[in-house]
Amino acid sequence: MDPARRLEYLQTIGVDVWVRRNEPAPQPPATVVVPVPALPSAGSVAPVAAAVPVGAEAQWESLKAEVLSCTRCALHSTRTQGVFGVGNRRADWLIIGEAPGKEEDRRGEPFVGRAGQLLNAMLLAIGLPREQVFIANVLKSRPPDNRDPKPDEVAACLPYLMRQIALLRPRLMLAVGRIAAQNLLATDMALGRLRGQVHHFGELNTPLIVTYHPAYLLRSPADKRKAWEDLKFARSTFQRLASQES
Ligand code: SF4
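Rules behind the numbers
Residues numbered from 1 in each chain as written. Predicted model: local features only at pLDDT ≥ 70, side-chain atom pairs only at ≥ 80, totals over all residues. Heavy atoms only, no water. 1 Å grid on protein atoms, 1.4 Å probe; cavity = no way out; pocket = protein on both sides within 12 Å on 5 of 7 lines; lining within 4 Å. Points joined across faces, edges and corners; volume = space filled by probe spheres on them. Helix = DSSP H or I, 4+ residues; strand = E, 2+ residues; numbered from the N terminus. Nonpolar A, V, L, I, M, F, W, Y, C, P; charged D, E, K, R; others polar. Near = heavy atom within 4 Å. Sits in = over half its atoms within 2 Å of the grid points. Phe/Tyr/Trp six-rings, centres within 6.5 Å; stacked < 30°, edge-to-face > 60°. Buried < 20%, exposed > 50% of the residue type's maximum accessible area, 1.4 Å probe, protein only.

(A) Here's a closer look at empty space enclosed by the protein. Under the counting rule described, the total for this entry stands at 2 cavities of 30 Å³ or more. When residues of the lining of the largest cavity are assigned to their parent elements, the largest contribution, 3 residues, is made by helix H6 (residues 151-168). A class-by-class count of the residues in the lining of the largest cavity yields 8 nonpolar, 2 polar and 3 charged.

(B) Representation of the site of the ligand in the model. Every residue lining the ligand is accounted for by Cys70, Arg72, Cys73, Leu75, His76, Arg79, Lys140, Ser141, Ala156, Cys157 and Tyr160. In this structure, the ligand is accommodated by the largest cavity. Partitioned by chemical class, the residues of the shell around the ligand number 6 nonpolar, 2 polar and 3 charged.

(C) Highlighting the packing of aromatic side chains. Within the structure shown, the criterion is met by 4 aromatic pairs. Taken together, a centroid distance of 6.0 Å and an interplanar angle of 90° make the contact between tryptophan 60 and phenylalanine 84 edge-to-face. With a gap of 24 residues between them, tryptophan 60 in helix H3 (residues 54-68) and phenylalanine 84 in the loop between H3 and strand S1 (86-87) connect regions that are remote in the sequence. For phenylalanine 84, a relative accessible area of 2% puts it in the buried group. Here the aromatic rings of tryptophan 60 and phenylalanine 134 are separated by 5.1 Å at their centres, their planes lie at 40°, and the arrangement is tilted. Of this pair, tryptophan 60 sits in helix H3 while phenylalanine 134 sits in strand S3 (residues 134-137); the two residues are 74 residues apart in sequence, bridging distant segments of the chain.

(D) Representation of the layout of surface pockets. Roughly 690 Å³ of internal volume is contained in the largest pocket. Taken together, 31 residues make up the lining of the largest pocket; nearest its centre are Glu98, His213, Ala215, Tyr216 and Arg219. Of all the secondary-structure elements, those providing two or more residues to the lining of the largest pocket are helix H4 (102-107), helix H5 (113-125), helix H7 (178-185) and helix H9 (214-219).

Structure representation (C-alpha cells):
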C-alpha cells in the first residue's frame, strides 16, 4: 500500500493518539511512537475472490429475500427495512456488528455514516478494502431508539446469521462491539476480557476475534490504540491460519 495512504488511514483510526504523553508532537511518519509493521499487500490478507457459483448466488438471494420480508420478531413493525449485510460473498473476513442504527435502517446497509467510515479506515489499515469483506449485524432490523437487542430478538434473528456463515464460510470473524461479542459468544463477560484471544463460533468452529465498535471509538478515541492492537492481532491470526492451511 502507498505509504502516504496508509498513514492517512492510520491517522483516521487514531495513530496520533498513540504517542506517549510528554513527548513532542510527532512529525509523521517518522515520529509515530507505536511501530507500524509493514503491511502485506491487500491480496495476501484477502485475496480477490472468484465469482460466486450460480447455486450459491441463488441461495444468497433467497436468504436475502427472507430477511427483507421477515416478521419473526416485533422489530419488523418499527424498522424502515431489513438490513441484510453487504460485501463480497466469497470473503475470508466476516465483520459482525450489533444491529442497524438510524442511518443503516434508512439506507439498508450496515455500517454507514461516521462509524462506517471509521470501520472502513480500520479495515484499510490492515490492507482490507470494505469491498473485500462481508459486513453484517447480529440483528437485521433496527431496535427502536437504538436500544440493546432483547434476547428473544437475538434468538429469532441469529439463524439468519448462521445461514450467512454457512454460505460464506469465512476464515475469520471480527465481532465489533460488546453487544455483538456477548451475543455471539453467549457470555456476559466485559469486552475488555474478550479481546486479545481467538474464540470460536458455531458449527464450523470459525475463529472469532473481538474488538471495539467504531461508534464507541468515536466517543472514546483514547481506546483507538487498543482497537489497533486488536486489528493487528486479527491480521496476524488470519495469516497464521492461512499459512497452516497452505
Ligand atoms: S430482527 Fe431479524 S428476526 Fe426480527 S424481524 Fe428483523 S430480520 Fe426478522
